[in-house]
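# Topology and contacts: notes
Each chain, letter by letter, is given below.
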There are 2 protein chains.
Amino acid sequence: MELWFTEKHTPAAGITLKCKKTLFSSRSEIQQIDIVETEDFGRMLLLDGLVMTTERDESFYHEMLVHPAMNVGSMPQGQALVIGGGDGGAVRELARYPSLEGIVLCEIDPMVVEVSQRYLPGISCALSGNEKLEIIYKDGVEYVGQTSQRFDRIFVDSSDPIGAAEVLFTAGFYSRCYSALSENGIMVVQSESPVYHLSIMKQIKKALYQAGFSRVLFYTGPVPTYPGGYWSWALALKEDMKETMAQQNLPPEQKQKLNFFTLEMIPGCFVLPAFVKRALVSRQT
Amino acid sequence: MELWFTEKHTPAAGITLKCKKTLFSSRSEIQQIDIVETEDFGRMLLLDGLVMTTERDESFYHEMLVHPAMNVGSMPQGQALVIGGGDGGAVRELARYPSLEGIVLCEIDPMVVEVSQRYLPGISCALSGNEKLEIIYKDGVEYVGQTSQRFDRIFVDSSDPIGAAEVLFTAGFYSRCYSALSENGIMVVQSESPVYHLSIMKQIKKALYQAGFSRVLFYTGPVPTYPGGYWSWALALKEDMKETMAQQNLPPEQKQKLNFFTLEMIPGCFVLPAFVKRALVSRQT
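Keep in mind the model is a prediction, meaning the values are calculated, not measured.

Rules behind the numbers
- Residue positions are given per chain, counted from 1 along the sequence in the order it is written.
- Both sets of labels track the order of writing: A upward for chains, 1 upward for ligands.
- Confidence filtering applies because this is a predicted model: local features only for residues at pLDDT of at least 70, side-chain atom pairs given and counted only at 80 or more, and all residues used for totals across whole chains, interfaces and linings.
- Heavy atoms from the whole structure form the basis of all side-chain values; hydrogens and water molecules are not counted.
- The atoms used to superpose the copies are C-alpha atoms, taken from residues with pLDDT of at least 70 in both, and the fit is least squares.
- We count a stretch as a helix when DSSP gives it H or I for four or more residues in a row; a strand needs E for two or more, and each element gets its number in order from the N terminus.
- What a helix should span is 1.5 Å times the count of its residues minus one.
- Bend is the name given here to the angle between axes fitted to two runs of seven residues, the run ending at a residue and the run starting at it.
- Between buried and exposed lies partly exposed: a residue is buried under 20% and exposed over 50% of the maximum accessible area for its type, with that area taken using a 1.4 Å probe on protein chains only.
- Note on pairing: DSSP must find at least two bridges between two strands before they are called paired.
- Convention used here: a crossover is right-handed provided that the path from the first strand, over the helix, to the second strand proceeds clockwise when the strands point away from the viewer.
- Here, a salt bridge means any Lys or Arg side-chain nitrogen found within 4 Å of an Asp or Glu carboxyl oxygen.

Turning our eyes to something else, we now look at the relation of the copies chain B and chain A. Rotating chain B by 180 degrees and moving it 0.0 Å along the rotation axis overlays it on chain A with an RMSD of 0.0 Å. What the rotation and shift describe, once combined, is the action of a two-fold rotation axis.

This is the structure:
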């Protein structure tokens, strides 16, 4: 018997992966959670049937989510916040910065953390034994609205804007994040696929400016198991910086451990393809 | 009835596209040729059952194949040669440079050109009514070995290194191309997917240096319907240039017609992900 998992990225296009077996399958209070062992991409985490991450290409996504924002602007010395990201990949990348005072992970679903710790040790490794890390199991919108902490960097590592995560793409939520950021703070939002979701990218841009951010810069990179194999992130600056020059904030010994990101990718990663640039040309549309 | 086309990029991973109908299906002397109308990607050209190009994402590939090499180094004023590329996409991009004296397309299979002219007018548009273009139906290896012409740029727009196209990835072929290039000539070879074909990229690098090229620079970009959604090209320089600075060789009115490439992508596109850089670190391996 051959088991194939097919994710339709649209009703008429998708990827298909041969699977060895299902290692975990259960419904939490929030969502359906599965861990499947694939032939080519290692173990794969699915939420509500959609690919969240695979062992083989998680570094493409997690390193690009975290490192560009950590290496523009001044050395982040205070707190960093990850909203979502219960698999621990974003926290693992943040743990590479000894200059950070603390890392807060705000994940709505405890079962995502439990399952990742059990089945995805390479991704979740920084979630245990990390004195600087605080894990809070709460709705992200609620948390940023209530906390009195101020963060140097906020990373929104959410699932797609359908169901539970929809609110994480609104001006109301971004506005709370804006308030929770320190003066020169930077926020990064995973902003979907330029191939299929240009209209979502436009909405994100509009909502970030509505929330008060001075400048929004999109950047892109390949993520083979995500829709179109091509992903984007929005980097929002509280105070505008004229230049997005790469700072050497990542310690040299950590650079060698990265699989995807290199400091030399800054500022080139911010250069958008013509069709994306045209779609995002206006602040308001 | 639902028709789905599935291409396995490995025995255990692939993409799947919903199709409306098959518009053309025939065997030429060289290969099986199909044109299929997909729901999401427009018309799609398949050779021996593998996706060569689709209307929706062909610009991602063709623009990245042609424009980086046309905008580094001095203004190309002589001849350009495309080997393979019977769909016409590379020729269409080259036709944007009025400075070029002539374009030669060397395609082994006349049926690819015929079928592209009939079913893919947006891609093949520059194949007819183009006074500067000469189409030669011949094996590329044979042609570059015999021609007395010298080219400023050579583009190897081949299919995968299996069967007929295998020879287009060898030092013997590259060496003939080297001889057919003018003094400051540049060659570009499509060099497969960094996700699945790192070993092919290594072989290409080794073979290009063996053929006498002074410097080989790989660059990458997204191509949603290609393996891993992520593709690479090798740019080989006959004479080394210290800097790959973007030249403004592409006329401004043509810039606006591009869907993917922008001049600002140079030199950022040459910055490789860490795992690719490490794999290609040595000249010889």
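Residue and element names in this part refer to chain A. Taking 1.5 Å as the rise per residue, helix H1 (residues 58-70) with 13 residues should run 18 Å; its terminal C-alpha atoms sit 18 Å apart, in good agreement. The principal kink in H1, of about 30 degrees, is found at Met64, preceding the proline Pro68 by one to four residues. Most of H1 is tucked away, with 13 of its 13 residues classed as buried.

Turning our attention to the pairing of strand E7 (residues 102-107) of chain B. Residue and element names in this part refer to chain B. E7 sits mainly inside the fold: 6 of its 6 residues count as buried. In this sheet, E7 lies alongside strand E6 (residues 79-84) in parallel orientation, the contact comprising 5 bridges. Bridge assignment links Leu81 to a residue of E7, and that residue is Val104. Taking the sense of rotation as the criterion, the β-α-β connection linking E6, helix H2 (residues 89-94) and E7 turns out right-handed. Pairing geometry for E7 and strand E8 (residues 133-137), over 5 bridges, is parallel.

This brings us to the pattern of salt bridges. Per the stated rule, a full pass over the model turns up 10 salt bridges over all chains. Here A:Glu58 and A:Arg92 are joined by a salt bridge, their closest N and O atoms 2.8 Å apart. With a gap of 34 residues between them, A:Glu58 in helix H1 and A:Arg92 in helix H2 (residues 89-94) connect regions that are remote in the sequence. Across this residue pair, the class does not change: A:Glu58 and A:Arg92 are buried. The partner of B:Arg92 in a salt bridge is B:Glu93, and the shortest N-O contact between them spans 2.9 Å. With relative accessibility at 10%, the residue B:Arg92 sits in the buried group.

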